[in-house]
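# Summary of structural features
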Amino acid sequence: LTPAAYASALLKKKPKHLKDDNFLNALYKQIEADTSDRKTLNIVQFTDLHLDLDYAVGSAIKCTDVLCCRDTDGYPTDPKEAAGQYGSLGFCDVPVGTLDKMAEKVNTMAPDALFWTGDVPPHDLWNYSQSYVERYQEFFHDYMLKNLNQWKIYPLEGNHDFGEVINSQNFLKVDPIIPILSD
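Now for a look at the structure at hand. Here the structure is a predicted model, which means the values were calculated and not measured.

## A look at the sheet that holds strand E2 (residues 113–116)
With respect to topology, three strands assemble into an open sheet ordered E1-E2-E3, the strand pairing being parallel. Among the strands making up the open sheet, the edge pair consists of strand E1 (43–46) and strand E3 (152–155). Strand-to-strand, the axes of this sheet are offset by a mean angle of 20 degrees, without reference to chain direction. Bridge analysis of E2 against E3 gives four bridges, and the strand direction is parallel. Note that in E3 the partner of Phe115 across the bridge is Tyr154. Strands in contact with helix H3 (residues 96–109) are E1 and E2; relative to E1, the strand with the most contacts, it is inclined by about 165 degrees.

The structure is reproduced here in structure tokens:
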């Protein structure tokens, strides 16, 4: 069976209301026509923060490494080349100052729930170890409890929160990140 033949056979079984690929527009029209009150949820999702606890305001946004904006990258004299307080368009990950601003905004939004969907550590994969990833997970966990604990929080791991280095996807062993997320 070729991929084209398989796709053709699959599409022949498509339900009638989905045949013309306009089903989403039809669904939205149906929802729009329904004027009755319906419960809505305000959800905030924290994902792919790639927080950098070593981010240094004023450090170089361009460097010879994959990740910049750290003390080791030096401090340029040109302000346009320097890392800003809330992040920079360069080879930098997110500073804690940005997280603070995000938490302030979230608290004004009064969400029904927060989804924390992982990827907390920075992009310095060469530094990853179980303790390194746990450091970031614990920092963000504690930060959420301190600054956003009045909202229901649902945590999940991201692809930077596990891997060979910490064996969290080895289902024969206990995932070391789960206890951090389960509070």
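## Quick word on the packing of aromatic side chains
One pass over the full model with this rule turns up six aromatic pairs. Aromatic pair Phe46 and Phe140: ring centres 5.7 Å apart, planes at 65 degrees, arrangement edge-to-face. Of this pair, Phe46 sits in strand E1 while Phe140 sits in helix H4 (residues 130–147); the two residues are 94 residues apart in sequence, bridging distant segments of the chain. Judged by its relative accessible area of 3%, Phe46 falls in the buried class. Given the relative accessible area of 0%, Phe140 is considered buried. Judged by centre distance (6.2 Å) and plane angle (25 degrees), the ring pair of Phe139 and Tyr143 falls under stacked. Placement of both Phe139 and Tyr143 in helix H4 is noted, with a separation of four residues, approximately one turn of the helix. Connected via pairs of aromatic rings, a cluster forms that spans Phe46, Trp116 and Phe140.

## Some details on the nonpolar core
Residues Phe46, Leu99, Val106, Leu114, Phe140, Met144 and Leu148 are the most contacted members of the largest nonpolar core, which totals 19 residues. Elements represented by at least two residues in this core include exactly E1, H3, E2 and H4. In terms of residues, this core owes the most to one element, H4, which gives six residues. Ignoring sequence-local partners within four residues, the contact set of Met144 consists of Phe46, Leu114, Trp116, Asn149 and Ile153. Residues Tyr55, Cys68, Ala83 and Cys92 belong to the second largest nonpolar core, which totals six residues.

Analysis parameters
Sequence positions are assigned chain by chain, starting from 1 and proceeding in written order. For a predicted model such as this one, the threshold for reporting local features is a pLDDT of at least 70, and the threshold for listing and counting side-chain atom pairs is 80 or more; totals across whole chains, interfaces and linings nevertheless cover every residue. As a rule here, side-chain values come from all non-hydrogen atoms in the structure, and water together with hydrogens is ignored. In this scheme, strands are said to pair when DSSP sees at least two bridges between them. Numbering of helices and strands runs from the N terminus, with a helix taken as a DSSP run of H or I at least four residues long and a strand as a DSSP run of E at least two residues long. Fitted lines through C-alpha atoms give the axes, limited to the stretch in contact for helices. The angle between two N-to-C directions lies from 0 to 180 degrees. The criterion used for residue contact is that any of the two residues' heavy atoms lie within 4.5 Å. Only centres within 6.5 Å qualify two rings of Phe, Tyr or Trp (six-membered ring in Trp) as a pair; their planes then separate them into stacked at under 30 degrees, edge-to-face at over 60, and tilted for everything else. Whether a residue is buried, partly exposed or exposed follows from its accessible area with a 1.4 Å probe, protein chains only, as a fraction of its type maximum: under 20%, in between, or over 50%, in that order. Nonpolar cores are built from buried Ala, Val, Leu, Ile, Met, Phe, Trp, Tyr and Cys residues. Side-chain atoms within 4.5 Å join them into one set.

Function cannot be read off these values alone, since they describe shape.
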